[in-house]
Amino acid sequence: MDDHTDNSQAGAQATSRKGPLAAMMGVMGKGGFDQLRIVTLLFLVIFVLYAIILPGFFSVGNLLTLMRTVAVLGILGLGMAVVVIGRGIDLSMIASLAVPSALVLTLAARGYGVVPSLGVGLMMAVAIGLLNGILVAYAEIPSLFTTLAVGIGVAGIGQIGVFDYEIVSWPPVLDGIAWIGRGSIYGIPYSVLAFVVAAIVIDTFLRRTRLGMFCYASGDNPGATRLAGIPLRPVLVLQYIISACVAFFAGMVLAASSASMDTRIFNLTWIYDVILVVVLGGIGLSGGRGGVINVVIGTLLIGTIMNGLTIMNVSFEMQNLVRGLVLLLAVLADSLINPRNEETAQQGDI
Amino acid sequence: MKKLLKLGTAAALATLCGTAHLQAQASMDDPLRDAYYENLKGRKVVFVPVFMGLDLTEGWSKIMARQAKELGYDYEVRNSNFNTAAGAQTLTSLISEKPDVIVVQNPDVQSYAKLLQRAEKAGIHVIQLNMKTNYQTTGFVGADVELIGEKQAEAAVEKCGHSETPGKVLVLAGPPTSPFSAYMLKGYENILNDNPKVNIVSVQSTGDYESSKAKSITQVVLQQHPDLCAILGVWDNTDVGTAAALKEAGKTDQVLVTTSGGGGELACKGLRENMWQYYVSYDVPGQGRDLNALIMAAMQDKNPVGSTKTVLYTPLVTYTPETLGDERCWTLDTLR
């Protein structure tokens, strides 16, 4: 993952919209002092600090544990990144994570076979993405409301009796594919590898394919994108399908990893963590910039902070407070570095 | 011919009446029966759970619904969907709707307290289920959480209190403000504070009983303390994640996991698959029966609401691999 080309791209796009902070920090280097650099620096500082003061933090075992705890979050961040780059947001990701994978577990437990169950789960994820995409691209409902509503609806599917309980346990039938979330190869947990694979796939899509470029274009300037003859609406639909499928993949990894799928997680604060990872890494909510490396850095920073706090036995409330503060700082930095201008304001961004 | 038929019918009817009369003389009316059933006509019970779709809430609800159907009163569920604000809203609207009884499961010790007080002032009997606020209403049915904590801690002492160095224990609690966290910690302290041979190395919350959170905390703590001896878990559904972490680390046989729950099929499955080795059940079928009894008592109570207060702590049942053969775990289908 080469961050330089990615950043010079994002940097070039950002230069035209430099905010006061960016202008101030313009002396920092050719690409400007973008958020990715701030966060990378912050990550390194915290990492070194922890490594010095926390016994047992800087050990291979703990670093792998750290990666393992945030792998699913990172995968979700990758899906979210695709949508955010297209100047949208997908609040239904946690529902797309929980419900299709719970459906797979339920169907497999009822004896429908591994492949058909997975097929149905995937089809459901695609359907969720399609629904989101069509409502956003064709009905032109803001993505915030669309995905919020779709998410609540999808999360309710379990409650109308599709699953026996809201917490669906991993059936032994699926043990053949349980490795995606459990165990390790050469000491590296499979869930971390799943994150790496997903990162490579999304990175290739965003930077090496024409459709990926269209995603950047659609987020950067939808009007110009359409004028240039790029099929804007189908590209938007594709973004939501990708994020739903990535969420489904994350769901299968999570289910395999914790041996059950707790569909209640839609009601928890996970979606904020995903947004946190994406925004923190420097993918602006006004769309059109950023890439996989931003998600990776954002994930590493959050993982490091949380890992250290858990080692220090800091209470749950305090951990939430820290997370909230970090999110707030990230959004603040985002609005200073990528300020809203007349153009973004008129485009009705989220 | 018609005349003959009429005559025959009349004769048959007369014979029937005669027999009935003869039988009535041999039996008696139950003086309580009519009033009992009449009293229940048109009455209404509403259940406000924290979240439906869990073995606990589905189990309780099934038992309550069955009694309502048999005795002919209304029963309704208003799911607050893990949203305390939505639950408070539901209670507020119920106060003006005035059902006869509200059965409520509290998300924490504080949020609903004032509302429950207002509901009782409005003449609605309130029965708190398993998770209580710090305000006592007409009834409480549920586990003595402190006792669960004590039992779990005793199991940990038995396993970890023998070696020279203090045995390391991890506590995985629920949401910080939940009665299950606060009272269970008290129970742990009651036992562990007098026991220098056991050392709590970490107390962490699993958020809203998230199994993935339990898993990641266990992983981090295991990394710090590879010689961990026991984990005191809060709820079976959460501790599926705890067990998954131990299994991945290959430490299932080294670390004792104790947990609690309603004693549903997951309890036995966990014991069979060595996910936990000590399980304290608050016995949902038993709780359901206690609950139904309190509902009936409330509906027959003619005194001002809140003048009698009954607390029914559920008798706890302990499951271990040794007692597993009994297979006492319930499923929704076996609930009667």
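Everything below is about the structure shown above.
Source: prediction; values computed, not measured.

Undergrad: When you look at the side chain of N62 of chain A in this model, what are you seeing that I'm missing?
TA: Among the secondary structure elements, N62 of chain A is positioned in helix α4 (residues 60–85). On the accessibility criterion, N62 of chain A (0% relative accessible area) is buried. Leave out the neighbours within four places in its chain, and N62 of chain A touches G56, F57, N307 and I311 of chain A together with Q223 and Q224 of chain B.

Undergrad: Explanation requested: a negative patch on the surface in the structure shown.
TA: On the surface, D29, D30, D34 and E38 of chain B cluster together into a patch of negative charge. Take D29 of chain B: it is sitting in the loop between α1 (2–26) and α2 (33–40).

Undergrad: Can you walk me through the sheet that holds strand β6 (residues 167–173) of chain B in this structure?
TA: Through backbone hydrogen bonds, the strands of a sheet pair up, either in parallel or in antiparallel fashion. Residue and element names in this part refer to chain B. Spatially, β7-β6-β8-β9-β10-β12 is the arrangement adopted by the six strands of the open sheet, whose pairing is mixed. In this open sheet, the two strands that pair with only one neighbour each are β7 (198–205) and β12 (317–319). Adjacent strand axes in the sheet meet at a mean angle of 20 degrees when their direction is disregarded. The sheet strands contacting helix α8 (residues 211–224) are β6, β7 and β8 (230–232), and the helix crosses β6 at an angle near 155 degrees.

Undergrad: So what exactly am I meant to see when it comes to helix α7 (residues 143–157) of chain A here?
TA: Residue pairs spaced three or four apart in an α-helix point in one direction, given the helix's 3.6 residues per turn. Look at α7 of chain A: 21 Å from first C-alpha to last across 15 residues, which is about the 21 Å you get at 1.5 Å a residue. Considered for burial, the residues of α7 of chain A that qualify are S143, T146, T147, V150, G151, V154, A155 and G156 of chain A.

Undergrad: Honestly, a nonpolar patch on the surface in this entry has me stumped. Any pointers?
TA: A cluster of nonpolar side chains, V48, L49, I52 and I53 of chain A, forms an exposed patch at the surface whose accessible area comes to about 410 Å². Positionally, V48 of chain A belongs in helix α3 (residues 35–53).

Undergrad: Any chance you could explain the sheet that holds strand β1 (residues 44–48) of chain B here in plain terms?
TA: All names here are of chain B. Pairing is parallel across the open sheet formed by six strands, whose spatial order is β2-β1-β3-β4-β5-β11. Edge positions in the sheet fall to β2 (74–77) and β11 (310–313), since each has one partner strand and no second. In this sheet, adjacent strand axes meet at a mean angle of 15 degrees when their direction is disregarded. Two strands pair when backbone bridges link them, and strand β5 (residues 139–142) and β11 are joined in this way by four bridges, in the parallel orientation. Bridging across to β11, F140 finds its partner in V311. Helix-sheet contacts for helix α5 (residues 113–121) involve β3 (101–104) and β4 (125–129), and the interaxial angle to β4 is about 145 degrees. The sheet contacts of helix α11 (residues 284–300) involve β1, β3, β4, β5 and β11, and relative to β5 the element is tilted by about 170 degrees.

Undergrad: Before we go on, may I ask you to explain the pairing of strand β10 (residues 278–281) of chain B in this structure?
TA: Along any regular strand, the residues point their side chains to alternate faces of the sheet. All names here are of chain B. In β10, alternate side chains face the same way, and those of Y278 and V280 on one face and Y279 and S281 on the other are all buried. The parallel pair strand β9 (residues 256–261) and β10, bridged by helix α10 (residues 265–272), forms a crossover whose chirality is right-handed. In the sheet, β10 pairs with β12 via three bridges, with the strands oriented antiparallel. Residue pairing across strands places S281 opposite V317, the latter belonging to β12.

Undergrad: Just to check I follow, could you spell out the interface of chain A and chain B for this structure?
TA: Think of interface size as the accessible area that goes away when the parts come together; that is how it is often given. Counting from both sides, the interface comprises 35 residues of chain A and, opposite them, 39 residues of chain B. Here chain A packs against chain B, burying approximately 3,000 Å² in sum over the two surfaces, 53% of which is carbon and sulfur. On the surface where chain A and chain B come into contact, there are one salt bridge. One salt bridge connects R68 of chain A with E248 of chain B, and the closest N-O pair in it is separated by 2.6 Å. Counting the contacts that link chain A with chain B gives twelve residue pairs in polar contact (both at pLDDT 80 or more). Elements that contribute at least two residues to the side of chain A that touches chain B include exactly α4, β1 (167–169), α11 (232–258), β4 (260–262), α13 (292–311) and α14 (316–337) of chain A. Element by element, the count of residues in the side of chain A that touches chain B is highest for α4 of chain A, at five residues. Within the side of chain A that touches chain B, the residues separate by chemical class into eleven nonpolar, 18 polar and six charged.

Quick notes on the rules
- Residues numbered from 1 in each chain as written.
- Chains lettered and ligands numbered in written order.
- Predicted model: local features only at pLDDT ≥ 70, side-chain atom pairs only at ≥ 80, totals over all residues.
- Heavy atoms only, no water.
- Helix = DSSP H or I, 4+ residues; strand = E, 2+ residues; numbered from the N terminus.
- Buried < 20%, exposed > 50% of the residue type's maximum accessible area, 1.4 Å probe, protein only.
- Contact = heavy atoms within 4.5 Å.
- Patch = residues over 30% accessible without salt bridge, like charges linked within 9 Å, V, L, I, M, F, W, Y side chains within 5 Å.
- Areas by Shrake-Rupley, 256 points an atom, 1.4 Å probe, with all protein chains shown as cover.
- Salt bridge = Lys/Arg side-chain N within 4 Å of Asp/Glu carboxyl O.
- Lys, Arg positive; Asp, Glu negative; His and termini not counted.
- Charge placed at Lys NZ, Arg CZ, Asp CG, Glu CD.
- Pairing = 2+ DSSP bridges.
- Axes fitted to C-alpha atoms, helices over the stretch in contact; angles between N-to-C directions.
- Expected span 1.5 Å × (residues − 1).
- Right-handed = clockwise from strand over helix to strand, strands pointing away.
- Buried area = accessible area lost by both parts, 1.4 Å probe.
- Polar contact = N/O pair within 3.5 Å; in protein donor to acceptor, adjacent residues only side chain to side chain.
- Nonpolar A, V, L, I, M, F, W, Y, C, P; charged D, E, K, R; others polar.

Functional significance is not addressed by these values, which are geometric in nature.
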